[in-house]
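Take a look at the letters that make up each chain.
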Amino acid sequence: MVGDFAVGKTSLTQKFVNNVFSDKYLTTIGVKIDSVMVDDTKVIVWDVAGRDSLSPINANYLVGAAGIVFVGDGTRPSTIDAMSSLWETTVDRVGDVPVVVALNKHDHPDWSVSSEQIIEFSNRGWDVFNTSAKEGENVKSLFESLVHKMN
Amino acid sequence: MSLNQDRVAEISQSLFDRRQFAYFLLDTQWCVLEASNNLQEFGFSNLEVGVDATDEIDFLVGIDISDNHELSMISSPAGDPIRVTFIPSVSTITVVIMDARQEFLRQKQLQQKANENELLLGTQEKLLSEIEEAKIKLELQNVELQEAARLQSSFLSGVSHEFRTPLASIMGYTNLLLKDSDETSANYLSAMKRSSKHLLSLIENLLDHGKFDSNEIMLNPKSTELAEVFSDVELLVRPLAETKSVNFTITTDWQAACFVVLDDSRLRQCLINIIGNAIKFTDQGRVTVVASLKDDDLHVSVEDTGIGVSEEHLKKIKQPFWQAPDTGKSGTGLGLTITERIIEMMGGALDIDSSEGVGTTVSFNVMAPSIEPTFHQEAQVLTQFNRSLSVLMAEDDEDIAFLVTLLLEEQGVKVVHVANGALAVDRLQHEDFDLVLMDLHMPVLNGYDAVSQIRGAGNTTPIVIMTASAIEADKGRAQELGCDGYLVKPVDIADLLNIAQQLVT
Amino acid sequence: MNQDSVKIQQLKHRYRNSLATKLEELDSYLFAFEFGEGNIRSRLVELHEYLHKLAGSAGMYGYDDIAKMARDSMAVTNADSEMPEIIEVKDSVTRVRDLLEQHA
């Protein structure tokens with residue numbers, strides 16, 4: 001799970017793995033590891049601390065990744081703009097692995113995502129999902145889609 | 001990072017007991033070769049020699065172990081933050097697990113705060129831009145509302161204007177009829193006139209209101225004698241008070257000739273409105289007006305013992321079109337709104353204090369800078385006549401006739417006034433005058449015809465024509481008929497006397 | 001003739017109070033001119049004569065603006081020359097009436 005801070009990486013993971021959600025923002029320090037079975041595949045989710053003004057993504061946490069979920073906040077356009085540079089960091093470290101994109105907080109009234117961005121992501125071969133960790137919207141599809149690509 | 005096994009051993013020797021770190025040793029197939037005793041403390045419970053570590057530890061899956069590698073902050077199976085360091089050698093990998101709780105807390109405090117701050121900043125920016133947007137939206141709405149209000153008031157004034165003209169003509173004709181009507185008709189006609197007047201004043205209010213909304217009301221301040229304004233107002237409203245058992249008094253604190261600069265007609269309007277209301281809503285008791293002038297500020301209070309206004313209604317009373325329910329009084333509900341706005345324009349404020357059933361006090365102040373009274377310019381020393389002149393004046397307009405008569409009488413001239421040319425001709429047959437003043441436009445017999453009859457009868461009394469229009473003043477014709485001079489109205493009494501002096505010798 | 005005598009002040013006061021009535025009368029003449037029956041020229045003459053009266057008295061009482069406007073309007077309403085357009089008459093008389101209204 002890669003993306004800017006406070007976009008909902010942990011929330012998506014927790015919703016998917018444990019079906020829980022909390023509105024409270026708790027920053028992730030380092031990386032949190034969770035595992036879940038998708039069909040017959042055991043998926044180990046590395047919920048990596050978000051990129052923030054103090055620290056870049058720690059690329060050590062990306063090593064060995066078989067697929068990437070880029071997460072952006074649909075109410076903060078800068079977090080979606082950030083995905084391209086995050087991709088460069090990622091591809092350096094792990095190569096051209098399968099990618100899905102979660103545009104999270106789709107339930108929020110301030111949602112503002114340009115269709116150009118979605119088209120750009122699709123052109124890179126990324127599946128884009130409007131997700132809501134809060135409502136559970138597309139959370140399952142997001143992970144299942146990635147697993148499907150990785151297999 | 002280049003720790004060798006000796007070093008690891010050293011570390012384990014010295015620090016195991018303090019439980020700050022644990023370790024295990026794997027071969028290249030992830031098989032556990034050796035494990036420290038304290039691994040359980042970190043939750044690695046099943047990590048025994050011989051097992052495949054990737055079955056037990058998720059974070060090992062997919063890790064490249066051919067190189068030095070470190071996971072600086074990761075959760076242990078027990079849920080505690082740990083630092084994991086991979087130290088590969090030729091055929092083994094040492095995995096060192098260190099307690100990272102302190103580091104975790106340090107980072108967490110720092111990062112949570114920093115991220116929260118940044119989120120707040122983002123929210124703040126968003127809010128600011130929302131406020132900005134809302135402001136622009138409001139401004140737009142405001143413009144639309146203003147336009148709507150402008151349309152409404154221009155509609156109002158348009159309609160009012162259309163009403164006013166025919167209404168004024170009804171009033172005008174009523175007036176004309178009143179002049180020669182018997183008593184019964186006069187009563188009916190007076191009622192018609194009152195009703196029309198009331199209707200007209202409602203329309204005037206609507207018009208004024210519209211003008212305020214489109215900023216068309218302009219003040220026209222001029223030198224004004226305050227006493228005159230108040231006596232005018234008294235003349236107008238006293239009859240209203242006298243129809244009820246209301247004791248009406250006006251008290252003022254200034255000297256007789258007190259001149260101030262203000263728009264007297266607007267002040268009159270305000271006074272009539274406020275005092276009129278006081279009388280309207282007072283059925284018995286008194287309406288007391290007290291006016292004082294101090295430091296160029298005119299203060300007026302109008303106190304009545306009328307029905308009063310409830311606290312709830314007092315809040316609404318100045319709103320346009322608002323009227324107290326159940327008072328049985330009619331109106332547009334605009335009078336007070338307009339009055340207040342005029343008062344504000346005149347640099348003052350209106351204040352209403354009332355208790356229901358006891359009475360109401362409306363007070364206001366307006367700027368009233370005093371000036372020295374403007375004396376009429378000293379006229380030239382007027383020609384004095386040795387004897388008293390006698391003048392016959394033919395003039396159908398009473399306003400003019402009275403004024404000229406008075407002005408001449410003040411100069412010691414005797415004046416006889418007749419209302420048309422025929423009467424003048426008749427009068428001259430029986431009486432001698434020093435001078436004839438002849439208006440041109442008159443009923444029955446006009447000025448020119450009268451002059452021609454007078455001269456035709458051989459009368460040589462000097463005749464001076466008075467006419468309202470220079471265009472109509474046909475000097476040639478006047479001379480031809482035998483007139484001795486003529487004056488264009490407004491007639492200056494000094495000119496008149498000068499002409500008289502030349503003619504009467 | 002330094003300051004007006006009491007009588008003259010009273011007279012001026014009377015005149016001022018009559019302005020409202022004059023406004024009504026002027027309105028009725030204008031209305032009669034526009035909507036009345038019979039010969040329009042004679043209705044114009046009546047209006048003209050009223051303006052004439054007004055011009056004379058207003059000037060005497062110091063309302064020079066009313067007097068001037070009334071004289072201007074007299075020129076427009078002069079029935080001896082060509083018959084004026086109703087709208088012209090209305091315009092010029094309205095200017096007089098607005099002045100009257102201002103002073104009334």
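The preceding data block contains the structure.
Quantities reported herein were computed from a predicted structural model and do not represent experimental measurements.

Undergrad: Which parts of the structure should I look at to understand the overall build of chain A?
TA: For chain A, the count of helices and strands is five helices and six strands. Taken from N to C terminus, the helices and strands of chain A fall in the order β-α-β-β-β-α-α-β-α-β-α. Within the span of chain A, comprising 151 residues, buried residues form 52% of the whole. Pairs at least 24 residues apart make up 66% of the contacts formed inside chain A by residues separated by at least 6 positions. When the accessible surface of chain A is totalled, it reaches about 6700 Å², and 47% of it is carbon and sulfur.

Undergrad: Looking at this structure, how should I read the nonpolar core?
TA: A general tendency of soluble globular proteins is for nonpolar side chains to be buried together. Counting residues in hydrophobic clusters, the biggest one holds 52 residues, and the most contacted among them are B:V404, B:L408, B:L437, B:L496, C:L26, C:L47 and C:L51. B:L496 has contacts with B:V404, B:L408, B:L435, B:L437, B:L487 and B:V491, leaving out every residue within four places of it along the chain. Counting residues in hydrophobic clusters, the runner-up holds 49 residues, among them A:L62, A:L86, B:L71 and B:V84.

Undergrad: Any chance you could explain the packing of helix α9 (residues 398-410) of chain B against helix α2 (residues 40-60) of chain C here in plain terms?
TA: Helix packing for two helices is described by the angle between their axes and how far apart those axes are. Where α9(B) meets α2(C), the closest approach of the two axes is 9 Å, and the angle between their N-to-C directions is 30°. Looking at the two axes, α9(B) sits roughly parallel to α2(C). You can see that α9(B) and α2(C) cross each other, and the crossing is left-handed. Where α9(B) abuts α2(C), its residues B:D399, B:I400, B:L403 and B:V404 lie against C:K53, C:G56, C:S57 and C:M60. Broken down by class, the residue content of the contact of α9(B) with α2(C) amounts to four nonpolar, two polar and two charged.

Undergrad: Got a minute to help me understand the environment of B:S223 in this structure?
TA: Within the element layout of this structure, B:S223 appears in strand β6 (residues 222-225). Residues B:S223 and B:I371, 148 residues apart in the sequence, show an inter-C-alpha distance of 7.6 Å.

Undergrad: Can you help me understand the pattern of salt bridges in this one?
TA: Oppositely charged side chains may form a pair once their charged atoms are brought near each other. For the structure on display, the rule yields 24 salt bridges over all chains. Salt-bridge contacts for B:D484 lead to B:R455; the nearest nitrogen and oxygen are separated by 2.9 Å. Of this pair, B:D484 sits in the loop between α12 (475-481) and β18 (485-488) while B:R455 sits in helix α11 (residues 447-456), and the two are 29 residues apart along the sequence. On the accessibility criterion, B:D484 (39% relative accessible area) is partly exposed. C:D98 is paired through a salt bridge with C:R97; the nearest N and O atoms lie 3.2 Å apart. According to the relative accessible area criterion, C:D98 is partly exposed, its value standing at 33%. One connected set of salt bridges, linked through shared partners, spans B:E228, B:D264, B:R268 and C:R16.

Undergrad: Any chance you could explain the interface of chain A and chain B here in plain terms?
TA: Every contact between the two is made by 27 residues of chain A and, on the other side, 26 residues of chain B. Between chain A and chain B, roughly 2200 Å² of surface is buried when both sides are summed, and carbon and sulfur atoms account for 56% of that area. Seen at the junction of chain A and chain B, the total is two salt bridges. Inspection of the chain A/chain B interface yields 13 residue pairs in polar contact (both at pLDDT 80 or more). Mapped onto the side of chain A that touches chain B, the elements with two or more residues apiece are β2 (31-38) and β3 (41-48) of chain A. Looking at which element gives the most residues to the side of chain A that touches chain B, the answer is β2(A), with four residues. Among the residues making up the side of chain A that touches chain B, the classes are represented as 13 nonpolar, nine polar and five charged.

Undergrad: So what exactly am I meant to see when it comes to the pairing of strand β3 (residues 69-75) of chain B here?
TA: In regular strands, side chains alternate between the two faces of the sheet. All names here are of chain B. Of all seven residues in β3, six are buried, a share of seventy percent or more. Relative to strand β4 (residues 81-88), β3 is paired through five bridges, and the arrangement is antiparallel. Within β4, the residue paired with E70 across the bridge is T85. With antiparallel pairing between neighbouring strands as the criterion, β3 and β4 make up a hairpin whose turn holds five residues, including G79 at a positive phi of roughly 95°.

Undergrad: Sorry if this is basic, but what is going on with the sheet that holds strand β5 (residues 99-104) of chain A here?
TA: Backbone-to-backbone hydrogen bonds pair the strands of a sheet. The strands run either parallel or antiparallel. Residues and elements named next belong to chain A. Strand order in the open sheet formed by four strands is β1-β4-β5-β6, with parallel pairing between adjacent strands. With one partner strand each, in any of the chains shown, β1 (2-3) and β6 (127-130) form the two edges of the open sheet. Bridge count between strand β4 (residues 68-73) and β5: six bridges; the pairing is parallel. Its bridge partner lying in β5, F70 is registered against V101. Across the sheet, helix α5 (residues 139-150) lies against β4, β5 and β6, angled at about 170° from β5, the strand it touches most.

Undergrad: Whenever I open this one, the sheet that holds strand β15 (residues 414-418) of chain B confuses me. Can you help?
TA: Residues and elements named next belong to chain B. What the five strands build is an open sheet, ordered β15-β14-β16-β17-β18; its pairing is parallel. The open sheet has two free edges, formed respectively by β15 and β18, since each of these has just one partner strand. Across the sheet, the axes of successive neighbouring strands diverge by a mean angle of 20°, strand direction being ignored. Set on the sheet, α11 makes contact with β16 (435-439) and β17 (463-467); between it and β16 the angle comes to about 150°.

Undergrad: What is the right way to read unusual backbone geometry from this model?
TA: Backbone phi values are negative for most residues with the exception of glycine, while trans is the configuration of most peptide bonds. All names here are of chain A. You will see that D39, though not glycine, has its phi angle at about 50°, which is positive. One can find D39 in the loop between β2 and β3. Residue class for D39 comes out exposed when judged on its relative accessible area of 69%. Within the chain, K105 stands out as a residue other than glycine whose phi angle is a positive 70°. Along the polypeptide, K105 turns up in the loop between β5 and α4 (115-123). Overall, the relative accessible area of 25% leaves K105 in the partly exposed class.

Undergrad: Help me out: how do you make sense of the side chain of B:D264 in this one?
TA: Following the sequence through the fold, B:D264 ends up in helix α6 (residues 264-280). Judged by its relative accessible area of 3%, B:D264 is buried. A distance of 2.9 Å separates polar atoms of two side chains, one belonging to B:D264 and the other to C:R16. When neighbours within four sequence positions are excluded, B:D264 is seen to be in contact with B:K222, B:T224, B:V229 and C:R16.

Undergrad: Please clarify how helix α5 (residues 226-242) of chain B should be interpreted in this entry.
TA: One turn of an α-helix holds 3.6 residues; hence residues three or four places apart share an orientation. Residue and element names in this part refer to chain B. The end-to-end C-alpha distance of α5, which contains 17 residues, comes to 24 Å, matching closely the 24 Å that a straight helix rising 1.5 Å per residue would cover. The largest bend in α5 comes to about 35°, at L236, with the proline P239 one to four residues further on. Along α5, the positions that sit buried rather than exposed are L226, V229, F230, D232, V233, V237 and A241.

Calculation criteria
Along each chain, residue indices are assigned from 1 in the same order as the chain's sequence is written. As they are written, the chains are lettered A onward and the ligands numbered 1 onward, keeping that order. This being a predicted model, a pLDDT of at least 70 is required before a residue's local features are given, and a value of 80 or more before pairs of side-chain atoms are given or counted; all residues contribute to the totals for chains, interfaces and linings. As a rule here, side-chain values cover all heavy atoms of the structure and leave hydrogens and water aside. Where helices and strands are cited, they refer to DSSP runs of H or I of at least four residues and of E of at least two residues respectively, numbered from the N terminus. The buried label applies to any residue whose accessible area, calculated with a 1.4 Å probe on protein chains only, is under 20% of its type's maximum; exposed applies above 50%, and partly exposed to all values in between. Should any heavy atoms of two residues lie within 4.5 Å, those residues are counted as being in contact. Residue-level accessible areas treat just the shown protein chains as cover; the underlying method is Shrake-Rupley with a 1.4 Å probe. The criterion is simple. A nonpolar core is a set of buried Ala, Val, Leu, Ile, Met, Phe, Trp, Tyr and Cys residues joined through side-chain atoms within 4.5 Å. Between N-to-C directions, angles cover 0 to 180 degrees, with each direction set by a line fitted to C-alpha atoms, over the stretch in contact for helices. Orientation labels follow simple angle bins: below 35 degrees gives roughly parallel, above 145 gives roughly antiparallel, 65 to 115 gives roughly perpendicular, and whatever is left gives oblique. A clockwise turn of the near helix away from the far one marks a right-handed crossing, whereas an anticlockwise turn of less than a right angle marks a left-handed crossing. Under the grouping applied here, Gly and all other residues not named as nonpolar or charged are polar, the nonpolar ones being Ala, Val, Leu, Ile, Met, Phe, Trp, Tyr, Cys and Pro and the charged ones Asp, Glu, Lys and Arg. Salt bridge, as applied in this entry: a Lys or Arg side-chain nitrogen positioned within 4 Å of an Asp or Glu carboxyl oxygen. Here the quantity called buried area is the total loss of accessible area, with a 1.4 Å probe, experienced by two parts when brought into contact, counted for both. In protein, a polar contact means a hydrogen-donor-capable atom and an acceptor-capable atom, both N or O and within 3.5 Å, with residues adjacent in sequence counting only if both atoms are side-chain atoms; elsewhere, any N or O pair within 3.5 Å suffices. What makes two strands pair is DSSP finding at least two bridges between them. Helix span is expected to be 1.5 Å times the residue number reduced by one. We define the bend at any residue as the angle between the axes fitted to the seven residues before and including it, ending there, and the seven starting there.

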